[in-house]
Amino acid sequence: MRVLVTGGSGFLGAWVMRRLLARELNVRAFDVREDRRLLRALARQRAASAEWQTGDISSASDVARAMHGCDAVIHLAGVLTPACAADPVRGAQINLIGTLNVFEAARAAGLKSVLYASSAGVFGPDDGVTPFPQTHYGAFKLACEGSARAYWHDHGIASVGFRPLVVYGAGRESGSSAGPSLACRAAARNTPYTIRFTGSTGLVFAEDVAAAYEAALLRDLRGAHAFTLAGEIASVETVIAQIESIAPGARIDAAGAPLPITTSFPADPELARLLPGLQQTSLEDGLRQTVAFYQESTL
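Residues numbered from 1 in each chain as written. Predicted model: local features only at pLDDT ≥ 70, side-chain atom pairs only at ≥ 80, totals over all residues. Heavy atoms only, no water.

An unreviewed UniProt entry lists the chain under the name Nucleoside-diphosphate-sugar epimerase, with Caballeronia arationis as the source organism. Word for word, the UniProt comment on the chain under Pathway (unreviewed entry) is "Bacterial outer membrane biogenesis; LPS O-antigen biosynthesis." Taken directly from UniProt, the Sequence similarities (unreviewed entry) text for the chain runs: "Belongs to the NAD(P)-dependent epimerase/dehydratase family." (UniProt positions renumbered as here; feature names shortened; annotations may be inferred.)

In structure tokens form, the structure reads like this:
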């Protein structure tokens, strides 16, 4: 099986490819540039075996070229909340039109399913059931979910979109919710750092998200699904306390408004049915692994 991973130079792309390469699948990464640094750090022995193609996710011809010869796709390419706020039109071209390009290329290639990145940003601050985004980023992700349903009803292309809350781990260094990961890096290197939000949120270890994509890849899917990955709900104060216990002497604090996303999500029986036994790393273990990575790596 050859799997196309869009956004291969990004944080989550590297974590997903690490798991696919460990399974000895053929992996083709697609991104606007080739950057293997994080993949090499995460999967030193296998990183060189990944194939790379460069191009623009908002270009239908670039995406179709990347899809050629692939049997499956995990679509992770996109820009995060700050970039969408700064340039909503370009944000829509990348996050929404890019997703439509992936579905169209998958349809032309005869793929039966698409896995893609949605976000808990589809929700507002009060309700984890009914989507009500308050950012352009969340609005674009919600539109992608609607289009995924249309592709199932119009063309029979099944899909799973995962809506993680704050994904943390080695290599997460951009976006409005990168603070916990950057705090781990600062603690590992004994430098001060301020997490730019307060309050509570759900934290999901990057490897758990990657494992969810791997599990979905290996299933025979029907329908169009969007699943929230809430992780472990914790306050920023708890995150700081745990980092300080892992790295005594860490100089971490927090300032700013809470993230505009609810922290209350009901259990989804459909997720448990379709993908039973998903990996769930505790916050303490995930933070410990992230600090250890930065203690050993120069990234």
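On we go from here.
With that settled, the discussion passes to the pairing of strand E4 (residues 72-75). Where burial is concerned, the two faces of E4 agree: the one with Ala72 and Ile74 and the one with Val73 and His75 are both buried. Two strands pair when backbone bridges link them, and strand E1 (residues 2-6) and E4 are joined in this way by 4 bridges, in the parallel orientation. Looking across to E4, one finds that Val5 is bridged to Ile74. The sheet contact formed by E4 and strand E5 (residues 113-117) spans 2 bridges and is parallel. Each residue of the ladder has a partner; that of His75, found in E5, is Tyr116. (Buried < 20%, exposed > 50% of the residue type's maximum accessible area, 1.4 Å probe, protein only. Helix = DSSP H or I, 4+ residues; strand = E, 2+ residues; numbered from the N terminus. Pairing = 2+ DSSP bridges.)

So, on to the UniProt feature "domain: NAD-dependent epimerase/dehydratase" (unreviewed entry) in the chain. According to UniProt, the positions carrying the feature "domain: NAD-dependent epimerase/dehydratase" (unreviewed entry) are residues 3-219. Here residues 3-219 is 44% helix and 19% strand, with 14 Å between the C-alpha atoms at its ends.

Attention now goes to the sheet that holds strand E7 (residues 166-168). The sheet built from 3 strands is open, its strands ordered E7-E9-E11 with mixed pairing. Bordering the open sheet on either side are E7 and strand E11 (232-235), each of which pairs with just one other strand. Going from strand to strand, the sheet's axes swing by 45° on average, the running direction of each strand aside. Pairing of strand E9 (residues 200-205) with E11, which is carried by 4 bridges, proceeds in the antiparallel orientation. In the sheet register, Leu203 faces E11, and the bridge partner there is Glu232. (Axes fitted to C-alpha atoms, helices over the stretch in contact; angles between N-to-C directions.)

If you trace the 7 strands from one edge of the open sheet to the other, you get E3-E2-E1-E4-E5-E6-E10, paired in parallel fashion. In this open sheet, the two edge strands, each paired with only one partner strand, are strand E3 (51-54) and strand E10 (224-229). Neighbour-to-neighbour, the strand axes of this sheet turn through a mean angle of 20°, independent of strand direction. Examined bridge by bridge, E5 and strand E6 (residues 158-164) share 5 bridges and lie parallel to one another. Paired with Val114 across the two strands is Ser159, which belongs to E6. Contacting E1, E4, E5, E6 and E10, helix H8 (residues 206-217) crosses the sheet at an angle of about 170° to E5. (Contact = heavy atoms within 4.5 Å.)

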